[in-house]
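Read off the chains here:
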Amino acid sequence: EAFDPAGEFAQLVEPPQDFAGTARLFGDLYGLEDEAERLIDDRARLLQAVRDEAAANPRSFTIANAGGDASAWVFNPGDDFLPGLLAEAGVTLNGRGDAAEFQVNLAEENLLELDDECIVFVEAFGRETYDELASSPVFQSIPAVQEGRVKLITDDEAKALLWPGPLAMPTVADVLLSLYD
């Protein structure tokens, strides 16, 4: 009740929904407009390198987190978070189920649905969770697993990919480029 949004002390702004808008907003707020533009340019340059690699070596990816009980949480392309970044970088993402969902859980008995061109697991819930998934007989029977078309992104690289702020972008670009090796 004490907060008056029309008061002189407060200026409400609608938060931007994109990286450039957010960087410019904070650049303006802190008098760091030039630094904000540099971050925007650096990010654009890094993502262009990934787009170039994706165009030269077209392939699609299923990207997931290992969940408990030997399940997998598959990212869907319709979300703006990680899938939005991947789309901006030209990475083709396969999803599952309702595309409007951020992630869809595949229980262990449905893991055979993961037989895609390339499967990438981002270690978000600890190595033990992935090891539990990887030891599942169902997981081991996925042709993509048997043929070595599975990549695990761990530790700092996983953190960078899941929280791709300005300082993480060089690592994010390196991780995304490594998908095409």
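Remember, predicted model here, so these are calculated numbers, not experimental data.

## Description of the environment of Val-150
- Relative to the elements of secondary structure, Val-150 occurs in strand β6 (residues 150-153).
- Of the residues examined, Val-150 reaches a relative accessible area of 26% and is grouped as partly exposed.

## Topic: the pairing of strand β2 (residues 71-75)
- With respect to burial, β2 is a largely interior element, four of its five residues being buried.
- Bridge analysis of strand β1 (residues 60-67) against β2 gives four bridges, and the strand direction is antiparallel. The residue bridging Gly-67 from the neighbouring strand is Ser-71, located in β2.
- Where β2 and strand β4 (residues 103-106) come together, four bridges link them in antiparallel fashion. Bridge pairing links Val-74 to Val-104 in β4.

## Here's the deal with the packing of helix α7 (residues 155-162) against helix α8 (residues 169-178)
- Their axes nearest at 9 Å, the elements α7 and α8 cross at an angle of 105 degrees. Comparing the axis directions of α7 and α8 gives the class roughly perpendicular. Two secondary-structure elements touch here, α7 through Glu-157, Ala-160 and Leu-161 and α8 through Thr-171, Val-172, Val-175 and Leu-176.
- The residue inventory of the contact of α7 with α8, partitioned by class, reads five nonpolar, one polar and one charged.

## A closer look at the side chain of Ser-136
- In this fold, Ser-136 is placed in the loop between α4 (127-134) and α5 (137-140).
- Here Ser-136 falls in the buried class, since its relative accessible area comes to 3%.
- Excluding residues that lie within four positions of it along the chain, Ser-136 makes contacts with Ala-70, Glu-108 and Leu-111.

## Remarks on the environment of Thr-171
- In this structure, Thr-171 sits in helix α8.
- Remark: the alpha-carbon pair of Thr-171 and Leu-161, spanning 10 residues in sequence, is separated by 7.8 Å.

## Let's talk about a negative patch on the surface
- Taken together, the side chains of Asp-28, Glu-33, Asp-34 and Glu-35 present a region of like negative charge at the surface.
- At three residues, helix α2 (residues 33-56) tops the list of elements feeding residues into the negative patch.
- The residue Asp-28 is located in helix α1 (residues 19-30) in this model.

## Points about the side chain of Asp-116
- The topology assignment puts Asp-116 in the loop between β4 and β5 (119-122).
- Separated by 2.5 Å, the side chains of Asp-116 and Arg-96 make a polar contact.
- Among all residues touching Asp-116, those that are not within four sequence positions of it are Thr-62, Asn-94, Arg-96, Ala-144 and Arg-149.

## Thoughts on the pattern of salt bridges
- Under the counting rule described, the total for this entry stands at nine salt bridges.
- For Asp-115, the salt bridge goes to Arg-149, with nearest N and O atoms at 3.4 Å. A residue pair is termed long-range when its members are at least 10 positions apart, and Asp-115 in the loop between β4 and β5 and Arg-149 in the loop between α6 (143-146) and β6 qualify at 34 residues.
- Looking at Asp-115, the relative accessible area reads 35%, which means it is partly exposed.
- Residues participating in the shared-partner salt-bridge network are Arg-38, Asp-42 and Arg-45.

Analysis parameters
Residues numbered from 1 in each chain as written. Predicted model: local features only at pLDDT ≥ 70, side-chain atom pairs only at ≥ 80, totals over all residues. Heavy atoms only, no water. Helix = DSSP H or I, 4+ residues; strand = E, 2+ residues; numbered from the N terminus. Buried < 20%, exposed > 50% of the residue type's maximum accessible area, 1.4 Å probe, protein only. Pairing = 2+ DSSP bridges. Axes fitted to C-alpha atoms, helices over the stretch in contact; angles between N-to-C directions. Parallel < 35°, antiparallel > 145°, perpendicular 65-115°, else oblique. Contact = heavy atoms within 4.5 Å. Nonpolar A, V, L, I, M, F, W, Y, C, P; charged D, E, K, R; others polar. Patch = residues over 30% accessible without salt bridge, like charges linked within 9 Å, V, L, I, M, F, W, Y side chains within 5 Å. Areas by Shrake-Rupley, 256 points an atom, 1.4 Å probe, with all protein chains shown as cover. Salt bridge = Lys/Arg side-chain N within 4 Å of Asp/Glu carboxyl O. Lys, Arg positive; Asp, Glu negative; His and termini not counted. Charge placed at Lys NZ, Arg CZ, Asp CG, Glu CD. Polar contact = N/O pair within 3.5 Å; in protein donor to acceptor, adjacent residues only side chain to side chain.

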